[in-house]
Amino acid sequence: MISGEAQWTVETVLVWTIDYFKRNSIASARLDAELLLAKACGCQRMQLYLNPELPLTPDEREQVRNDVKQRVAGVPIAYLLGEREFWGLALNVRSGVLIPRPDTEILVEQIHERIKVWKKNNSPDQTCEIAELGTGSGAIPIALASLEKNLRFYCTDISPIAIEVATANARKFQSLWDERSNRIQFIRGDRFEMLASGSQFDLIISNPPYIPSNDIQSLQKEVRVFEPHEALDGGTSGMNFYDYLLTKAPLLLKHEGWLCVEMGFDQAESLTLLIQQHSSMKLVKIVPDYAGHDRVALLQHCKHSPQ
Ligand code: SAM
Ligand code: GLN
């Protein structure tokens, strides 16, 4: 690395780190270098350019050195920063919890549309009851709480780390609950096994694990090595959680309640076939993401077969 004390200024460290990241094929070399340096110096990214001559303290140097080493080893930048922005909200993330993806914002948009229709058909002070399978960082319910009032969420996750992080994120945005009459409950456990059957929910939402088990090994290293496999692995066909949700949704949803799920870009066909085996759930719409890939499926509970 840089030799001699005098050369360790904000500018020299930044230039060196960008170059080092580029040589190690880090795609967003400049951005990542700025973010890690700003983290070590406890300042905003743009402030780095206001004081380029400032020398780094030994602690700051040590921090940058460690983070740069980890970034080059493939640790996602969001884990190093402890944060990822989702729906404009800086959510806490750490190793053991899935980093929320931009594609999932399409799911949030579509759920929001369904909630708006629900609100039109119900009195303004009525609470919309929503169950989520696999909340992870809590990204989806927290984004929805920033958009609406009178929502009540029951969010499950099998991972104790996810429940811990999601709870911290919900607290971080306290005003979304108290001031908006929204409520959220996180429940650690397997799928929806802890929820009693009995038509209680207006919506069921999920971005479940959907990658086929054998495809996990071909994911990019950052995901494969550093993100939790239990957040990604959807079983042999990738369909395990959809199969479960399609079986369980009719028992949990009110009549005409919605099941809104994210899916893999190439899963529309297999998901459609699976849905056909569940006569009380009707596929209403498949919505593409910004890249044009099928991404979200919206289904409605109808007590009688749609045919
Ligand atoms: N909802 C978050 C998001 O969109 O960013 C996380 C989605 S991640 C793809 C799937 C989540 O399901 C992970 O947090 C994982 O821990 C959780 N999960 C996996 N198996 C589960 C199970 N059997 N029961 C409940 N949650 C499970
Ligand atoms: N979209 C995620 C990825 O490509 C997968 C998330 C999931 O399985 N739900 O890594």
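The rules behind the values
Residues numbered from 1 in each chain as written. Chains lettered and ligands numbered in written order. Predicted model: local features only at pLDDT ≥ 70, side-chain atom pairs only at ≥ 80, totals over all residues. Heavy atoms only, no water. Phe/Tyr/Trp six-rings, centres within 6.5 Å; stacked < 30°, edge-to-face > 60°. Helix = DSSP H or I, 4+ residues; strand = E, 2+ residues; numbered from the N terminus. Buried < 20%, exposed > 50% of the residue type's maximum accessible area, 1.4 Å probe, protein only. Lys NZ or Arg CZ within 6 Å of the ring centre and 35° of its normal. 1 Å grid on protein atoms, 1.4 Å probe; cavity = no way out; pocket = protein on both sides within 12 Å on 5 of 7 lines; lining within 4 Å. Points joined across faces, edges and corners; volume = space filled by probe spheres on them. Nonpolar A, V, L, I, M, F, W, Y, C, P; charged D, E, K, R; others polar. Near = heavy atom within 4 Å. Polar contact = N/O pair within 3.5 Å; in protein donor to acceptor, adjacent residues only side chain to side chain. Areas by Shrake-Rupley, 256 points an atom, 1.4 Å probe, with all protein chains shown as cover. Sits in = over half its atoms within 2 Å of the grid points. Expected span 1.5 Å × (residues − 1). Arc of directions from axis to C-beta. Contact = heavy atoms within 4.5 Å. Pairing = 2+ DSSP bridges. Axes fitted to C-alpha atoms, helices over the stretch in contact; angles between N-to-C directions. Right-handed = clockwise from strand over helix to strand, strands pointing away.

Undergrad: It is not clear to me how the packing of aromatic side chains should be interpreted in this structure. Could you clarify?
TA: Within a pair of aromatic rings, the relevant descriptors are the distance that separates the centres and the angle that separates the planes. The full count for this structure, using the stated rule, is two aromatic pairs. Taking 4.7 Å as the distance between ring centres and 20° as the angle between the ring planes, the aromatic pair formed by Trp16 and Tyr20 counts as stacked. One end of the pair is Trp16 and the other is Tyr20, both in helix H1 (residues 10-23) and four residues apart, which spans about a single turn. For the ring pair Tyr154 and Phe201, a centre distance of 5.5 Å and an interplane angle of 70° mean the geometry is edge-to-face. Of this pair, Tyr154 sits in strand E4 (residues 151-157) while Phe201 sits in strand E6 (residues 201-206); the two residues are 47 residues apart in sequence, bridging distant segments of the chain. Take Tyr154 and Phe201: they sit in the same class, and that class is buried. Between Arg114 and the ring centre of Trp258, over which it is positioned, the NZ or CZ distance is 4.7 Å. For Arg191, the ring lying beneath its charged end belongs to Tyr244, and the centroid distance is 4.3 Å.

Undergrad: Sorry if this is basic, but what is going on with empty space enclosed by the protein here?
TA: It is a probe the size of a water molecule, rolled over the atoms, that shows where empty space is left. Counted according to the given criterion, the structure contains one cavity of 30 Å³ or more. Estimated volume of the largest cavity: approximately 30 Å³. Together, Tyr242, Leu245, Leu246, Leu259, Val261, Leu271, Ile275 and Leu299 line the largest cavity. If one sorts the elements of the lining of the largest cavity by residue count, helix H10 (residues 240-252) sits on top with three residues. Broken down by class, the residue content of the lining of the largest cavity amounts to eight nonpolar, no polar and no charged.

Undergrad: What is the right way to look at the site of ligand 1 in this model?
TA: With respect to spatial proximity, 20 residues lie near ligand 1, and among them Gly134, Asp157, Asp190, Arg191 and Asn207 are the closest. One of the backbone N or O atoms of Gly134 is found 2.9 Å from a nitrogen atom in ligand 1. Thr135 has a polar backbone atom sitting 3.2 Å from a nitrogen atom of ligand 1. Calculation on ligand 1 without its partners gives an accessible area of 600 Å², and the protein chains cover 95% of this total. Among the detected pockets, ligand 1 sits in the largest pocket. Residues belonging to the shell around ligand 1 are distributed by class as follows: eight nonpolar, seven polar and five charged.

Undergrad: Help me out: how do you make sense of H1 in this one?
TA: An α-helical turn contains 3.6 residues, so a residue and the one three or four places further along point in the same direction. Over its 14 residues, H1 extends 20 Å from the first C-alpha to the last, a length consistent with the 20 Å expected when each residue adds 1.5 Å. When we look at burial in H1, the residues that qualify are Val10, Val13, Leu14, Thr17, Ile18 and Phe21. The buried side chains of H1 occupy one side of the element, clustering within an arc of 130° when seen end-on. Turned more than 90 degrees away from the buried face of H1 sit Val15, Lys22 and Arg23, all of them exposed. Looking at the buried positions of H1, the neighbouring elements they touch are helix H2 (29-41) and helix H3 (58-72).

Undergrad: I keep staring at the sheet that holds strand E8 (residues 281-288) and nothing clicks. Help me out?
TA: Within a sheet, adjacent strands bond to each other through the backbone by hydrogen bonds, running parallel or antiparallel. Here we have seven strands laid out as an open sheet, ordered E5-E4-E3-E6-E7-E9-E8, and mixed in their pairing. Two strands bound the open sheet, and with one partner strand each, they are strand E5 (183-188) and E8. Averaged over all adjacent pairs, the angle separating strand axes in this sheet is 15°, with direction ignored.

Undergrad: Teacher, can you tell me more about the environment of Ala145 here?
TA: Turning to its location among the elements, Ala145 is positioned in helix H6 (residues 139-145). Using a relative accessible area of 0% as the deciding quantity, one classes Ala145 as buried. Along the backbone, Ala145 and Arg183 are 38 residues apart, and their C-alpha atoms lie at a distance of 8.7 Å.

Undergrad: Please clarify how the pairing of strand E3 (residues 128-133) should be interpreted in this entry.
TA: Strand residues, when the strand is regular, have side chains that alternate between the two faces of the sheet. In terms of burial, E3 is largely enclosed, as six of its six residues are buried. Side chains Cys128, Ile130 and Glu132 project from E3 onto one buried face, and the interleaved Glu129, Ala131 and Leu133 project onto a second face that is buried too. Judged from the six bridges that link them, E3 and E4 form a sheet pairing that is parallel. Bridging across to E4, Ile130 finds its partner in Phe153. With H6 bridging E3 and its parallel neighbour E4, the resulting β-α-β unit is right-handed.

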